[in-house]
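# Inside the fold
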Amino acid sequence: MNASQSKREAFLRTAVNFFESAGIHAQAGDLKASASCILKALDQERRAGVIGPQVLQLIKPRG
């Protein structure tokens, strides 16, 4: 497993933990904490999605 795959999996594991915490907070009635955990989980998922090589497209002006 290379470094980018390890980072991606770490972000996804963290996201799962935040989603689980969100469920616990929601069941306890703490909707503000639950919402905060959901936002943090979504951020971790976003970070996992952008790991790896990035493609940069250069637009050449026409002549």
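The preceding data block contains the structure.
Residues numbered from 1 in each chain as written. Predicted model: local features only at pLDDT ≥ 70, side-chain atom pairs only at ≥ 80, totals over all residues. Heavy atoms only, no water.

## Concerning the overall build of the chain
A count of helical and extended segments in the chain gives two helices and zero strands. Put simply, of all contacts in the chain between residues at least 6 apart along the chain, 52% involve residues at least 24 apart. (Helix = DSSP H or I, 4+ residues; strand = E, 2+ residues; numbered from the N terminus. Contact = heavy atoms within 4.5 Å.)

## Looking at the packing of helix α1 (residues 3–28) against helix α2 (residues 31–49)
Relative orientation of the contacting elements α1 and α2 amounts to 165 degrees, with a least axis distance of 8 Å. As judged from the angle between their axes, α1 and α2 are roughly antiparallel. Seen from above, α1 lies across α2 with left-handed handedness. The segment α1 lies against α2, with Arg 8, Phe 11, Leu 12, Thr 14, Ala 15, Phe 18, Phe 19, Ser 21, Ala 22, His 25 and Ala 26 engaging Leu 31, Ala 33, Ser 34, Cys 37, Ile 38, Lys 40, Ala 41, Leu 42, Gln 44, Glu 45, Arg 47 and Ala 48. Its residues assigned to classes, the contact of α1 with α2 shows 14 nonpolar, five polar and four charged. (Axes fitted to C-alpha atoms, helices over the stretch in contact; angles between N-to-C directions. Parallel < 35°, antiparallel > 145°, perpendicular 65-115°, else oblique. Left-handed = near helix turned anticlockwise from the far one by under 90°. Nonpolar A, V, L, I, M, F, W, Y, C, P; charged D, E, K, R; others polar.)

## Comments concerning the environment of Arg 46
Mapped onto the elements of the fold, Arg 46 is located in helix α2. By relative accessible area, which is 47% here, Arg 46 ends up partly exposed. Taking the C-alpha atoms as reference, Arg 46 lies 9.3 Å from Leu 12; in sequence the two are 34 residues apart. (Buried < 20%, exposed > 50% of the residue type's maximum accessible area, 1.4 Å probe, protein only.)

Honestly, it's all geometry; don't read function into it.
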